[in-house]
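Descriptive structure summary
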Amino acid sequence: MQSTTTKPTREAPPAAKGSWGFSGSTPLALVGKIVGLGMVAAIAVWLAIPLIDQGQWLMLALLLATTAVIFLIYLQPRRIPPKYLVPGTIFLIIFQVLPVLFTVSTAFTNFGDGHRGSKQDAITAIEGASVQQVPGGPQYVLTIAAKGADTTGDLAFLLYDPNTKQVQLGTDKGLEPAVGAQVGATGKVTAMPGYTLLNAGAASARSAEISAFSVPTANGAIRSSGLSRAYEGKKTRAYDAGCDCITDAATGGKWTADNSQGTFVAANGDRLSQGWQVNVGFGNFARVFGDQTLRTYFLGILVWNFAFAFLVVFGTFALGLAMAMALNHPRIKGLKLYRVLIVLPYAMPAFAMLLVWRDMFNQDFGLINTLTGLDVNWMGDPWAAKLAVIIIQFWLGYPYMFLVCTGALQSIPTDLVEAASVDGAGKSYAFRTVTLPLLFVATAPLLISSFAFNFNNFNAIAMTTEGGPFPPDSPTAGATDLLISYSYRLAFGESGAQYGLAAAVSILIFMIVAGISIVSFRRTAVLEEIN
Amino acid sequence: MGWRHLVALIAVAFSLFPILFVVSAALNPLGTLSSTSIIPTNFSFANFANLFNNTRFLNWFVNSIIIALVSAAAAMFTSALAAYAFSRYRFKGRRGGLMFLLLVQMFPQFLAMVTIYIMFTRISDLWPQIGFNTWWGLTLLYMGGALGVNTWLMKGFFDTIPKDLDESAKVDGATHTQIFFGIILPLVTPILAVVGLLSFIGTINEFLMANIFLTQAETKTLAVGLYGLIYGERNNNFGMFAAGTLITAIPTVALFFALQRYIVGGLTAGAVKG
């Protein structure tokens, strides 16, 4: 802070003192305030109506509290900063902070495929899945429906009984009469109030979900058989609260609940795939460091992750700086055109250019091999793939650094550099002692945020190598995987979702990036400056 | 002087050859990846025609532009407001708040995807107008990330505006709103332009969230739609994809040119003063 010695403002201007918001304002500001708060009130009412309809009292209370706080902040005259912070902060809290907090909390659970619901949900699912058709049991004509959108809504079965000519609505809670259902000639339901009927395409898109769906009944469950028939069968597996175990009436098998892991385990160690969500404390973190294979991957990826982020940041910075210095001369002809052409990659859509680069690195018909006459298997060789993703990031990133360095160079007083040169120092000495340090100070915050961005540069990997090539013995950790793409695979991969473990890994990523950033900011004295 | 031109020409070549390849692919009448070379051999606008006639490209384009413009405007406005508070006032939690804004962005967002999905399933149920497959829903989600780095960039720039200006206006009886809208905002145009451009580019490029959010063909954005074009059909649709990429670049390039004179200064002025 060079120029300002004025004391920081803490109090509101005296004009508004002692008033309750409206007095002391200009007419325009008054109108603005009334219109703004009126809109807040209107939005709150609009949001409240469905909440009241559906009896969501907790959410309604939160909505009312938030609205009240907004009104208070803008009607009181004294505290000014909140008035300016509220608009952005509301969205920040709802759409970033809350999801992140929830994610952090899942790191201490086994949340993932097979461990989603409560123990009761798991028991219901296991019993439901064990239902087997008995000869002569009830059969239904099935219409598949969803509450809400056909792609995401909760499933429901509309069951037409050919004997009674009645339609029943089957949900995961049980059977109830299907009020208002209209039945066609074949027994298929043609309309049902409050539900969207799934056509063949929508149904086959959700076929896995449909075949796992069962409607519990008194002594068994109703399950689908194909997309237009359903049967009521008897369950062979049942939960026994006495021994806290699942028994199979057909085979005599027995699985006892392990309440610390959220699974049912047989005496021989065999686990049922359906478990439930439990708290595992620091179990996921212990797995990252304790599990032999996981630890090997994690360390290997961590090293590459650091190398990638450093190389990309300093590579793009060096390239950008070199270009900025070459063009930092007022008498170059065509300067403007050069600048525009060099910066063009920055204006191209990055997601598309990543995909284009992936294809340019194709071994057989890619442009890189064709132009250079090489025959490198870019995406198949671990080191070539690493080089490829770095080259791609150089191309995407250096125009930004070029802009930044151009601006920084122009802001360095020329007399400083000239003074250093006149003092008998060579040009390179002046560059090292004057220009470069000033440049680093000027660009440090941008370099740090660029490092943080590239450390987690998911698109750079997911849109090009997808983490590959994969060594034959580790199908889940590839040569170009960053921690973020690795944990993405953990969370959503084909081997089954392990959100809990992935959340633990992402907390570790966060601690690394945040730690480095805080230390670097301290060192560049940026933190001192914000005081 | 000569070496400067040589370096510049090499850089231009490095910058341009992938773009030239895209242009060539877009003009290639066969429209396949394997038949595309860097120098176009045949010219045809068949890929552009296909793109507009056989896909929902026009929908995607309009969706992307609207979402990106609204998000960019919202990011400019909310972060300018926040930066004003951080730059001009001293209050409890100021330092912590600034640090928090920086750090919260470093949490891997995609993992929160599961939570955001669950959240928007409820929202779609309660308020379908701002749920899945709507402009508003996705824009609101993007607004959650509007503060972060933008506030830092803005605050750095605000700090370079002498406080004497506010002080003397205050003596003349100006309110804080008048100072903000009347004095500060007109002086920080360069950084507003930078934040607007960065948000616009970021939104146009955003894929992960948009991909889970927009499932219906007519609500997709360019990133989701174009990715879908070559997903699975990588070779055959490459020409259409390249044509779409070029059209996608037009608004960004136009914005870039329009704001060019602000950008170099705006990006660094905030940081330089330290």
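Remember, it's a predicted structure, so these values are computed and weren't measured experimentally. (Residues numbered from 1 in each chain as written. Chains lettered and ligands numbered in written order. Predicted model: local features only at pLDDT ≥ 70, side-chain atom pairs only at ≥ 80, totals over all residues. Heavy atoms only, no water.)

Once that is clear, we can look at the overall build of chain B. Counting its secondary structure elements, chain B contains 13 helices and 0 strands. In sequence order, chain B lays out its α and β elements as α-α-α-α-α-α-α-α-α-α-α-α-α. Projected onto the principal axes, the alpha-carbon positions of chain B cover approximately 70 × 65 × 30 Å. Residues counted as buried form 61% of the 274 residues belonging to chain B. Within chain B, residue pairs in contact and separated by at least 24 positions form 71% of the contacts whose partners lie at least 6 positions apart. Just so you have it, chain B exposes about 10,500 Å², and 68% of that area is on carbon and sulfur atoms. Averaging the coordinates of the 15 positive side-chain charges in chain B and doing the same for the 9 negative ones gives two points 7 Å apart. (Helix = DSSP H or I, 4+ residues; strand = E, 2+ residues; numbered from the N terminus. Buried < 20%, exposed > 50% of the residue type's maximum accessible area, 1.4 Å probe, protein only. Contact = heavy atoms within 4.5 Å. Areas by Shrake-Rupley, 256 points an atom, 1.4 Å probe, with all protein chains shown as cover. Lys, Arg positive; Asp, Glu negative; His and termini not counted. Charge placed at Lys NZ, Arg CZ, Asp CG, Glu CD.)

Let's shift gears to the nonpolar core. Ranked by internal contacts, the top residues of the largest apolar core, which has 111 residues, are Leu327(A), Phe158(B) and Val188(B). In this structure, Ile392(A), Trp395(A), Phe21(B) and Met240(B) belong to the second largest nonpolar core, which totals 49 residues. (Core = buried A, V, L, I, M, F, W, Y, C linked by side-chain atoms within 4.5 Å.)

Here we come to the environment of Leu185(B). All names here are of chain B. Here Leu185 lies in helix α9 (residues 176–187). Owing to a relative accessible area of 19%, Leu185 belongs among the buried residues under this scheme. Between the alpha carbons of Leu185 and Tyr84 there is a distance of 9.4 Å; along the sequence they are 101 residues apart. Setting aside anything within four residues of it in sequence, one finds Leu185 in contact with Ala80, Phe180 and Leu192.

With 111 residues of chain B in contact, the opposing surface of chain A contributes 114 residues. Across the interface of chain B and chain A, roughly 10,500 Å² is buried in total on both sides, 76% from carbon and sulfur atoms. Counting residues per element, the side of chain B that touches chain A draws most heavily on helix α13 (residues 238–272) of chain B, which supplies 17 residues. For the side of chain B that touches chain A, the residue count by class is 75 nonpolar, 21 polar and 15 charged. (Buried area = accessible area lost by both parts, 1.4 Å probe. Nonpolar A, V, L, I, M, F, W, Y, C, P; charged D, E, K, R; others polar.)

Looking now at the packing of aromatic side chains. This model, assessed by the stated rule, comprises 41 aromatic pairs over all chains. Look at Phe289(A) and Phe298(A): their rings are 6.0 Å apart centre to centre, the planes differ by 75 degrees, and that puts the pair in the edge-to-face class. Residue Phe298(A) is classed as buried on the basis of its relative accessible area, which comes to 6%. Members of the aromatic cluster, joined through ring pairs, are Tyr84(A), Tyr84(B), Tyr89(B), Phe180(B) and Phe181(B). A cation over a ring is seen here: Lys386(A) above Trp304(A), with NZ or CZ 5.2 Å from the ring centre. (Phe/Tyr/Trp six-rings, centres within 6.5 Å; stacked < 30°, edge-to-face > 60°. Lys NZ or Arg CZ within 6 Å of the ring centre and 35° of its normal.)

Residues and elements named next belong to chain B. What the domain assignment reports for chain B is domain 1 (1–44) and domain 2 (52–272). Placing the centre of domain 1 and that of domain 2 at their C-alpha centroids yields a distance of 31 Å. Here domain 1 meets domain 2 over a buried area of about 740 Å², counting both sides, of which 73% is carbon and sulfur. Scanning the region where domain 1 abuts domain 2 turns up 0 salt bridges. Viewed at the interface, domain 2 and domain 1 are joined by 0 residue pairs in polar contact (both at pLDDT 80 or more). When grouped by side-chain class, the residues that make up the side of domain 1 that touches domain 2 number 6 nonpolar, 3 polar and no charged. (Domains from an automatic or database assignment. Salt bridge = Lys/Arg side-chain N within 4 Å of Asp/Glu carboxyl O. Polar contact = N/O pair within 3.5 Å; in protein donor to acceptor, adjacent residues only side chain to side chain.)

A few words now on the domain arrangement of chain A. We note that the domain assignment places domain 1 (14–79), domain 2 (119–266) and domain 3 (290–529) within chain A. Here the C-alpha centre of domain 2 of chain A lies 48 Å away from the C-alpha centre of domain 1 of chain A.

What follows is about the sheet that holds strand β13 (residues 245–248) of chain A. Picture the strands of a sheet paired through backbone hydrogen bonds; they go either parallel or antiparallel. Residue and element names in this part refer to chain A. Ordered by their spatial adjacency, 4 strands build an open sheet running β12-β13-β14-β15, and the pairing between neighbours is antiparallel. Of all the strands in the sheet, just β12 (237–240) and β15 (263–266) have a single pairing partner and so form its edges. Here the strands of the sheet are splayed against their neighbours by 30 degrees on average, with no regard to which way each runs. Of the strand pairs in this sheet, strand β14 (residues 254–258) and β15 are connected by 4 bridges, and their pairing is antiparallel. (Pairing = 2+ DSSP bridges. Axes fitted to C-alpha atoms, helices over the stretch in contact; angles between N-to-C directions.)

A separate point is helix α1 (residues 27–53) of chain A. The terminal C-alpha atoms of α1(A) lie 39 Å apart, and with 27 residues this matches the ideal 39 Å at 1.5 Å per residue to within 8%. Along α1(A), the residues classified as buried are Leu37(A), Ala44(A), Leu47(A), Ala48(A), Pro50(A) and Leu51(A). Looking at the packing, one finds that the buried side of α1(A) touches α2 (57–75) of chain A together with α5 (112–126) of chain B. Gly55(A), located one to two residues past α1(A), shows a positive phi value of around 65 degrees. (Expected span 1.5 Å × (residues − 1).)

Turning our attention to the state of the cysteines. All names here are of chain A. Counting across every chain of the model gives 1 disulfide over all chains. Across the disulfide, Cys243 is cross-linked to Cys245 (sulfur-sulfur distance 1.9 Å). Disulfide Cys243 to Cys245: torsion about the S-S bond roughly -50 degrees, handedness left-handed. (Disulfide = S-S within 2.5 Å.)

The next thing to look at is the packing of helix α3 (residues 81–106) of chain A against helix α4 (residues 94–104) of chain B. When two helices pack together, their arrangement is given by the angle between the helix axes and by the axis-to-axis distance. Across the interface, α3(A) lies against α4(B) with an axial gap of 12 Å and an inter-helix angle of 50 degrees. With respect to each other, α3(A) and α4(B) are oriented oblique. As for the relative orientation of α3(A) and α4(B), their crossing is left-handed in sense. Packed against α3(A), whose contacting residues are Leu92(A), Gln96(A) and Val97(A), the element α4(B) presents Phe100(B), Leu101(B) and Val104(B) at the interface. Looking at the contact of α3(A) with α4(B) residue by residue, the class counts come to 5 nonpolar, 1 polar and no charged. (Parallel < 35°, antiparallel > 145°, perpendicular 65-115°, else oblique. Left-handed = near helix turned anticlockwise from the far one by under 90°.)

Below, the discussion takes up unusual backbone geometry. Residue and element names in this part refer to chain A. Positioned with a positive phi, Lys165 is a non-glycine residue whose angle comes to about 60 degrees. Note that Lys165 resides in the loop between β3 (154–161) and β4 (166–171). The phi angle at Asp244 is positive, at roughly 50 degrees, despite the residue not being glycine. Note on placement: Asp244 falls in the loop between β12 and β13.

On to the environment of Gly320(A). Residues and elements named next belong to chain A. Its location among the elements puts Gly320 in helix α8 (residues 292–327). According to the relative accessible area criterion, Gly320 is buried, its value standing at 0%. Sequence-wise, Gly320 and Pro399 are 79 residues apart; in three dimensions their C-alpha atoms are separated by 6.4 Å. In contact with Gly320, not counting residues within four places along its chain, are Tyr398, Met401, Phe402 and Cys405.

With that out of the way, let us pick up the packing of α2(A) against α3(A). Residues and elements named next belong to chain A. Their axes nearest at 9 Å, the elements α2 and α3 cross at an angle of 155 degrees. In terms of orientation, α2 lies roughly antiparallel with respect to α3. The two elements α2 and α3 cross, and the hand of that crossing is left-handed. Touching Ile70, Ile73 and Tyr74 of α2 are Pro82, Lys83, Val86, Pro87 and Ile90, all from α3. Across the contact of α2 with α3, the residue classes tally to 7 nonpolar, no polar and 1 charged.

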